[in-house]
Amino acid sequence: MSTIEINNLTVDYVEKNKNFTALKDVSFKVNSGEFVSVIGFSGCGKSTLLSVLEGINPPTDGSVLIDGKPVVGTGTDRGVVFQHYSLFPWLTARKNVAFGIKQTQKTLSKAERMELADSFLDKVGLTKFKNKYPSQLSGGMQQRVAIARALAMDTEILLMDEPFGAIDAVNRTALQELLLELWEESRKTVVFVTHDIDEAILLSDRIVMMTASPGRVYKEINVPFSRPRNRVQLVQTQEYTTFRNSIISYFYNDITGRIGGEEVVL
Amino acid sequence: MTAKKRFLRAVNFLFIVLIAVQFLPNSELKEDNGIYVIWFSLIAEAAVILVSLISKKEQGLNLFSDIISFLYALLILWTIASAKSDILDKALFPPPGDVFRQFIEDISKILLNIGSSLAIIVQGYLLALVIEIPLGLFLGYSVRLGNAATYISKFLGSIPPIVYIPYGIALLPTFRSVSVFVIFLASFWPVLSGTMSGVLNVDKRVIDSARVLNVGKFSMLFSVILPASLSEIFVGCNQGLSVSFILLTSAEMIGANSGMGYYVKNYSDFGDYTRTIVGLLVIGIVVVIISFLFNKLQRFFLRYKR
Ligand SMILES: Nc1ncnc2c1ncn2[C@@H]1O[C@H](COP(=O)(O)OP(=O)(O)O)[C@@H](O)[C@H]1O
Ligand SMILES: [Mg+2]
């Protein structure tokens, strides 16, 4: 299994010869097999952070180490699920998954790849839809396929950028349960970006809170609830409410400290 | 669909009118070829009935019967104007029966000429596709070259390809090779710029998805960028094909001794307007058939879009 170490990571974007600092001195560690959520307001640099982990953007300063080695570009040791367009629209669900498998398991024959793809589509409950194109699937189904692909690629690390952000509440709940169940099976190292506090609490071992302009780590908190977690029971407990409120108040304090007491909704 | 919707259509009514019109007295005592129009309309009507019987979607049936209705209406007007009255000059606009008859008599000659034209188009066009699509993918993807190439192809694309003909004639040995060369150049710019603009418009998120899957350069170009920009590539290919047709028939009218352009020009020079019209109609039909097939191909390749 893999560890991720982010040390004093700074990322600048250059636009029209002007520097914009999206991330400033971000440091935290993700242990092997740990599920870490990153939460923060829109625009605070969560996607930027993930893009560096993915290898799409290089650090301007500082470093990202995976198992002690600096990340150089994209790699097949990391599976990724985006909010949109993780899948290729011109491939069927099955071929999308098989495409991912081909990238990591080059020795498999085409038939073996297809078989593996089918078994993962089965895990996410899409056997009936395997020959559909993404445009023929609902948003939730598309994300199931993307998850199936990321898992089928059998990478040690899973990076997810608001994967359920565009999904309606009912389907989002189902997807969270599915992800939790599949993660319990495989115990991959996960970095999960979200702006949904309940989602972060339900899924993660630890929550990294970020603040904006420039994006920095504001606080890290361990989630004190034992696994396996039952959503319905969990949210009814006093501990849950207290914990959830403490996270909200951290954000609230930070925001009021910055912009002077105006009401802000997370 | 009800039987009424299937069979009680304007097209069937026009069919009866068309047949009836053939039996009106001719304006001039001359051999009457109306029987050829009758035969044609019988075949067309058989097709209409067949389609009415088997088609499942009303939309498809509507399209087909509208097209045939248009043909019938045209033939009715043409018969009246040319055979049954003196509205049109009979030398310039021979009656439809004469044209059908000539078409049947000349069929083997016509097929040879179509073959000759198509062979040139296919060679020049395919050559352009095979070179242009990979080049466009490459240029579009490498941002720096792409910027320069956009302007260069705008400049070169604005030159009407017909002006290359003198150079083609000076440089190349046969009319055939000149034509292939000109078709190649004519399809060159639409296909190249269609491909490049397709590549430039590929959603960055699709490229990022491919990058995180760690695809190699070759896969990136041909398994990701190519399918992602296919709609616009098709637009370019479609334009290229139309330009190719216009250009080839024009070129054939200038210097060829075969091909559909030559057929039209040759007989109009001799004042044989029956054959001239046959030639015009055949060119139109060939273009329609090819664009129909092209459309089918496009639909097949872009079937993933809803
Ligand atoms: N490619 C880019 N060029 C310039 N600025 C960018 C770019 N991508 C993101 N930004 C800016 O960086 C900041 C952080 O963006 P992002 O990482 O997408 O935030 P989040 O995912 O938390 O919403 C935002 O202010 C955004 O406008
Ligand atoms: Mg984001």
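Just so we're clear, the structure is a prediction, and the values are computed from it rather than from any experiment.

## Considerations on the site of ligand 1
Residues and elements named next belong to chain A.
- Lining the immediate environment of ligand 1, one finds Tyr13, Glu15, Phe20, Ala22, Phe41, Ser42, Gly43, Cys44, Gly45, Lys46, Ser47 and Thr48.
- Ser47 is positioned such that a nitrogen or oxygen atom in its side chain is 2.7 Å from an oxygen atom of ligand 1.
- At 2.5 Å, a side-chain N or O of Thr48 approaches an oxygen atom of ligand 1.
- Secondary-structure elements contributing two or more residues to the shell around ligand 1 are β1 (4–15), β2 (18–30) and α1 (46–54).
- Element by element, the count of residues in the shell around ligand 1 is highest for α1, at 3 residues.
- Across the shell around ligand 1, the residue classes break down as 5 nonpolar, 5 polar and 2 charged.

## A closer look at the packing of helix α6 (residues 107–141) of chain B against helix α11 (residues 217–228) of chain B
All names here are of chain B.
- At their nearest, the axes of α6 and α11 sit 11 Å apart, and the two run at 95° to each other. Classed by the angle they form, the pair α6 and α11 counts as roughly perpendicular. Contacts between α6 and α11 pair Ile133, Pro134, Leu137, Phe138 and Tyr141 from the former with Met220, Leu221, Phe222, Ile225 and Leu226 from the latter.
- Per-class residue counts for the contact of α6 with α11 are 10 nonpolar, no polar and no charged.

## Quick word on helix α4 (residues 139–152) of chain A
Residues and elements named next belong to chain A.
- With 14 residues, α4 extends 20 Å from end C-alpha to end C-alpha; this agrees with the ideal 20 Å at 1.5 Å per step.
- The buried fraction of α4 amounts to 11 of the 14 residues, a majority that puts the element mostly inside the structure.
- Three or more residues of α4 are buried, namely Gly140, Gln143, Arg144, Val145, Ala146, Ile147, Ala148, Arg149, Ala150, Leu151 and Ala152.
- Elements that come into contact with the buried residues of α4 comprise β6 (78–81), α2 (93–104), α3 (110–123), β7 (157–161) and α5 (169–186).
- Remark: Asp154 follows α4 within two positions and exhibits a positive phi of approximately 55°.

## Here's the deal with the domain arrangement of chain B
Residue and element names in this part refer to chain B.
- Parsing chain B into structural domains produces domain 1 (3–103) and domain 2 (107–305).
- The C-alpha-based centres of domain 1 and domain 2 are spaced at 35 Å.
- Listed as interface residues are 9 residues of domain 1 and, on the opposing side, 9 residues of domain 2.
- Where domain 1 abuts domain 2, roughly 840 Å² becomes buried across the two surfaces, and 77% of that area is made up of carbon and sulfur atoms.
- On the surface where domain 1 and domain 2 come into contact, there are 0 salt bridges.
- Along the contact surface separating domain 1 from domain 2 lie 1 residue pair in polar contact (both at pLDDT 80 or more).
- The element best represented in the side of domain 1 that touches domain 2 is helix α5 (residues 96–105), accounting for 4 residues.
- Partitioning the side of domain 1 that touches domain 2 into residue classes produces 7 nonpolar, 1 polar and 1 charged.

## A few points about the pairing of strand β8 (residues 189–194) of chain A
Residue and element names in this part refer to chain A.
- Of all the 6 residues making up β8, 6 are buried; the element is thus mostly covered by neighbouring parts of the structure.
- Side-chain alternation along β8 places Thr189, Val191 and Val193 on one buried face and Val190, Phe192 and Thr194 on a second face that is also buried.
- Where strand β3 (residues 35–39) meets β8, 5 bridges bridge the pair, whose relative direction is parallel. Bridging across to β8, Val36 finds its partner in Val191.
- Strand direction decides the pairing type here: β7 and β8, joined by 5 bridges, are parallel. The residue bridging Asp161 from the neighbouring strand is Val193, located in β8.

What counts as what
Residues numbered from 1 in each chain as written. Chains lettered and ligands numbered in written order. Predicted model: local features only at pLDDT ≥ 70, side-chain atom pairs only at ≥ 80, totals over all residues. Heavy atoms only, no water. Near = heavy atom within 4 Å. Polar contact = N/O pair within 3.5 Å; in protein donor to acceptor, adjacent residues only side chain to side chain. Helix = DSSP H or I, 4+ residues; strand = E, 2+ residues; numbered from the N terminus. Nonpolar A, V, L, I, M, F, W, Y, C, P; charged D, E, K, R; others polar. Axes fitted to C-alpha atoms, helices over the stretch in contact; angles between N-to-C directions. Parallel < 35°, antiparallel > 145°, perpendicular 65-115°, else oblique. Contact = heavy atoms within 4.5 Å. Expected span 1.5 Å × (residues − 1). Buried < 20%, exposed > 50% of the residue type's maximum accessible area, 1.4 Å probe, protein only. Domains from an automatic or database assignment. Buried area = accessible area lost by both parts, 1.4 Å probe. Salt bridge = Lys/Arg side-chain N within 4 Å of Asp/Glu carboxyl O. Pairing = 2+ DSSP bridges.

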